[in-house]
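# Commentary on secondary and tertiary structure
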Amino acid sequence: MSARFGERVRAALAAHGPLCVGIDPHAALLASWGLGDDAAGVREFGLRTVEAAAGRTAIVKPQVSFFERFGSAGFAALEDVLAAARAAGLLVIADAKRGDIGSTMDAYAAAWLTPGSPLEADALTVNPFLGVGALDGAFALADEHGKGLFVLAATSNPEAEVVQRSVSETGRAVSADIISVVSARNAEHAHTGEWGSFGFVIGATVDWTDAGIAAFTPTAPILAPGFGTQGATPADLHHRFGSMSGAVIASESRSILSAGPAGLAAAIDARVAEYRKAGRG
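Throughout what follows, the structure given in this document is the object of discussion. (Residues numbered from 1 in each chain as written. Predicted model: local features only at pLDDT ≥ 70, side-chain atom pairs only at ≥ 80, totals over all residues. Heavy atoms only, no water.)

## Digging into the packing of helix α6 (residues 102-113) against helix α7 (residues 136-145)
- Packing of α6 against α7 brings their axes to within 8 Å, and their N-to-C directions diverge by 25 degrees. Taken together, the axes of α6 and α7 lie roughly parallel to each other. In this structure, the crossing between α6 and α7 has a hand that is right-handed. Of the residues in α7, those in contact with M105, D106, A109, A110 and L113 of α6 are G137, A138, L141, A142 and H145. (Axes fitted to C-alpha atoms, helices over the stretch in contact; angles between N-to-C directions. Helix = DSSP H or I, 4+ residues; strand = E, 2+ residues; numbered from the N terminus. Parallel < 35°, antiparallel > 145°, perpendicular 65-115°, else oblique. Left-handed = near helix turned anticlockwise from the far one by under 90°. Contact = heavy atoms within 4.5 Å.)

## Thoughts on the nonpolar core
- With 73 residues, the main nonpolar core has W112, L149, I202, W208, F227, F241 and I268 as its most contacted residues.
- Here W208 is in contact with I202, I213, A214, A215, F216, I222, R240, F241 and M244, once residues within four sequence places are set aside.
- Counting residues in hydrophobic clusters, the runner-up holds 17 residues, among them V9, F150, L223 and I249. (Core = buried A, V, L, I, M, F, W, Y, C linked by side-chain atoms within 4.5 Å. Buried < 20%, exposed > 50% of the residue type's maximum accessible area, 1.4 Å probe, protein only.)

## Some thoughts on the packing of helix α3 (residues 39-53) against helix α5 (residues 71-87)
- Two elements in contact, α3 and α5, have axes separated by 8 Å at closest approach and are oriented at 10 degrees. One element, α3, and the other, α5, form an angle in the roughly parallel class. Seen from α3, the contacting residues are A39, V42, R43, G46, L47 and V50; seen from α5, they are A73, G74, A77, D80, V81, A84 and A85.
- When grouped by side-chain class, the residues that make up the contact of α3 with α5 number nine nonpolar, two polar and two charged. (Nonpolar A, V, L, I, M, F, W, Y, C, P; charged D, E, K, R; others polar.)

## Brief notes about the sheet that holds strand β4 (residues 123-126)
- Taken in spatial order, the eight strands line up as β1-β2-β3-β4-β5-β6-β7-β8 and close into a barrel, and their pairing is parallel. When strand polarity is set aside, the average angle formed by the axes of neighbouring strands in this sheet is 30 degrees. (Pairing = 2+ DSSP bridges.)

## A look at the pairing of strand β8 (residues 248-252)
- Extensive coverage of β8 is indicated by the burial of five of its five residues.
- The sheet contact formed by strand β1 (residues 19-23) and β8 spans three bridges and is parallel. Bridging from a neighbouring strand, V21 pairs with E252 of β8.
- The sheet contact formed by strand β7 (residues 222-224) and β8 spans three bridges and is parallel.

Coordinates in, geometry out; function isn't part of it.
What follows is the structure, encoded as structure tokens:
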């Protein structure tokens, strides 16, 4: 693969804007789409979302849990959705939030980041709270194959604050330490001027000052859940992320998916236009 993941994200955002369409087949959404709450339903839901997103935006993010709940049939459905999305030229972020130690983490990384794997994605969300070093195998495999990781850093759910905003022995918030350590890895692997391929999950509703985090270098993609139903709007992007706003992947799911299969393409187009307008503001 010629371009590193960070540079592919950079080009995708420049061409299509920040919108990332989440593929989250909740039971209620399946019902509203007229689909069964089963593996066949989530497969059809995912494939229709991919079809609507292709050519309109650059990035999709399947939420693995909604497929996993149907066991092997659900994973088979997810494999079809992942393959269709990548074949359509979309960047695919598998939102699985994997995190473990040693060979176990290596196996998770191999499942999602190995070219030709049934679950191959372009990037994987990972959990660093067993220690960033526990993800060494995932960092190495992602770098080897031109893939990306999104490391949980400062999520917007209030339950996380006691861990993520606690002060470590460095005197910084845990979130800031995670960003610092991962940014150092990006500096080692990215060529001068390139974006790093190891990005961060930072919620769109997070106040950076309160969270104890700040702008970082080198630039790396920021996966930002919290837009849409959770309250953040396209107009909030620059206010919330400041100098880093150009690296933000704005993830929206229910706010778009609730339009249903007949209205999905129009909902994506409308949201893309809102982000474009906010970017000119």
